[in-house]
Amino acid sequence: MTKAYKEIMERVRLTEEMEQRVLMGALAAMESSASSRACGFRRWGALAACLVVMAAGALLLPGLWSQPVEPGPVTVTPQMVSAATQQELEELVGFPVETLTGLPFTPTQVEYTAYGEMAQVRYVGEEQTAVYRKAVSEEDISGDYTLYDHIWQVERDGVTLTLKGNEEGCALVLWKQGDFSCSLRFTPPVEETLAVDGAMGKE
Amino acid sequence: MEICLPGVAAGIPWLRRLCRFWNGIQEAWGKKPEDRQPCSQADRQELNRRAGELLESYGDCILRLAWSYLHNSSDAEEIVQDTLIRYPQAAPQLESPAHEKAWLLRVAANLSKNRIRYNRLRAADPLSEELVSEGREDLSFVWEAVKALPVKYREVIHLYYQEGYSTQEIAEILGRSGATVRSDLYRGRQRLRGILKEAYDFDEGL
């Protein structure tokens with residue numbers, strides 16, 4: 001069976017033409033997203049400018065023309081970089097990032113990464129890892145595309161946590177914390193209680 | 001070049017997400033901060049290079065897995081493309097090339113299953129036609145038997161026989177338990193055995 005199946009699949013290959021189409025399509029999609037953002041920037045930038053002018057005109061008309069026009073406030077899109085410490089990570093993302101103290105294992109290594117405006121802390125143990133992500137968002141920021149067999153919710157301290165997992169246990173916890181979306185991914189999955197403790201035990 | 005948003009625009013969540021998405025692309029492809037001008041020639045070259053590397057390393061694997069779900073070139077090719085696009089979007093944490101491959105296969109599997117779920121499949125199966133036209137009825141028989149399996153068996157069969165993954169590794173890729181995968185592999189092979197009878201040896205241990 002192995003031989004027959006492999007012989008069948010040997011016929012399925014990316015040709016050069018296919019590779020070119022895939023590459024061009026992928027790049028176009030990525031650039032399109034970037035362009036959309038750029039267009040959005042121009043559109044919303046123009047709108048913001050109009051609003052500023054109208055507000056200023058209404059309130060400060062006498063002094064408007066004598067003042068130099070300053071560029072609007074800017075938010076620099078941060079570079080995604082590794083941080084040496086939690087404090088450095090907080091400075092990079094611009095919001096507090098909690099230390100998870102309730103993890104079901106003792107981390108031997110902690111890695112801090114700022115993905116744009118998203119903070120990520122990766123806790124590495126002997127045989128387990130837990131990846132904590134936090135960002136201002138309404139969406140699932142986990143980056144986990146697994147279709148889990150089980151999705152359920154639990155309440156803890158007034159917070160609704162969405163848990164995803166399979167028969168082995170809970171692999172992913174998602175929750176909201178004010179304006180922030182948070183996620184905690186366990187490898188391998190852990191029991192529900194341990195997952196919730198891990199997510200909610202913070203300093 | 002630094003990407004800037006005006007104050008009002010910076011307060012708009014979807015615009016921030018788009019910004020983050022672009023950053024994700026740059027980060028995942030290993031862009032340096034000083035080169036961050038979207039759509040510049042350097043960006044295109046870097047994106048092209050990294051995407052080309054992924055395609056060269058894993059393109060055939062992704063295509064074959066997608067084909068095992070979708071049974072035609074056009075759909076499978078689109079899955080390869082969509083998988084590449086998801087890579088920088090998700091900014092996955094990858095510890096090794098094996099982990100990278102497993103992540104890509106997991107995304108490709110989920111994208112393929114989504115496509116099946118929404119019934120966006122083409123009817124033609126050029127592989128079946130090719131096998132028949134070459135007079136390889138033996139392989140055609142096997143392929144048709146595999147295609148007739150439910151998706152949950154088929155994907156396990158593919159990852160086990162084609163990619164050589166252990167059942168535990170398959171469990172991690174598909175987000176299922178090892179026990180479920182072993183059960184699905186057993187049942188899939190049972191069904192294949194029923195179809196193929198004694199034409200092939202199915203006594204390989206789990």
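Before any of the text, the structure's been laid out above.
Numbering of residues begins from 1 in every chain and follows the order in which that chain's sequence is written. Starting at A for chains and at 1 for ligands, labels are handed out in the order in which the entities are written. pLDDT decides what is reported in this predicted model: residues at 70 or higher carry local features, side-chain atom pairs at 80 or more are listed and counted, and totals for whole chains, interfaces and linings draw on all residues regardless. Derived side-chain values reflect all non-hydrogen atoms in the structure, with water molecules and hydrogen atoms excluded from consideration.

### With respect to the nonpolar core
Across soluble globular proteins, nonpolar side chains show a tendency to be buried alongside one another. Put simply, the rule reads: Put simply, buried Ala, Val, Leu, Ile, Met, Phe, Trp, Tyr and Cys residues joined by side-chain atoms within 4.5 Å make one nonpolar core. Partly exposed describes any residue whose relative accessible area lies between the buried limit of under 20% and the exposed limit of over 50%, with all areas from a 1.4 Å probe on protein chains only and scaled to the type maximum. Secondary structure elements follow DSSP: runs of H or I no shorter than four residues count as helices, runs of E no shorter than two count as strands, and numbering proceeds from the N terminus.
Of all hydrophobic cores here, the largest spans 61 residues; its most connected members are Met1(A), Leu105(B), Trp143(B), Leu159(B), Ile170(B), Leu174(B) and Leu192(B). With 12 residues, the top contributor of residues to this core is helix 3 (residues 41-70) of chain B.

### Side note on unusual backbone geometry
Here the bond from Thr187(A) into Pro188(A) is cis, since omega is -5°, no more than 30 degrees from zero. With respect to the element layout, Pro188(A) can be found in strand 9 (residues 180-190). In this structure, Asp157(A) is a non-glycine residue whose phi angle is positive, near 55°. With respect to the helices, strands and loops of the structure, Asp157(A) is situated in the loop between strand 6 (150-156) and strand 7 (159-166). With a phi close to 65°, His71(B) is a non-glycine residue in the positive phi region. Assignment of secondary structure puts His71(B) in the loop between helix 3 and helix 4 (73-90).

### Remarks on helix 3 (residues 86-93) of chain A
All names here are of chain A. Our working rule: The directions from the helix axis to the C-beta atoms are what the arc is built from.
Listing the buried residues of helix 3 in full gives Gln 86, Leu 89 and Val 93. For helix 3, the angular spread of the buried residues around the axis is 55°, confining them to a single face. Facing away from the buried side of helix 3, by more than 90 degrees, are the exposed residues Gln 87 and Glu 91. Backbone geometry just downstream of helix 3 places Gly 94 in the positive-phi region, at approximately 85°.

### What to know about the environment of Thr83(B)
Residues and elements named next belong to chain B. Rules: It only takes one pair of heavy atoms within 4.5 Å for two residues to be counted as in contact.
Among the secondary structure elements, Thr 83 is positioned in helix 4. Classification of Thr 83 by relative accessible area gives buried; the value is 0%. Thr 83 sits 22 residues away from Leu 105 along the chain, and the two C-alpha atoms are 8.5 Å apart. With residues near it in sequence (within four places) discarded, Thr 83 still touches Ile 62, Leu 104, Val 107, Ala 108 and Leu 111.

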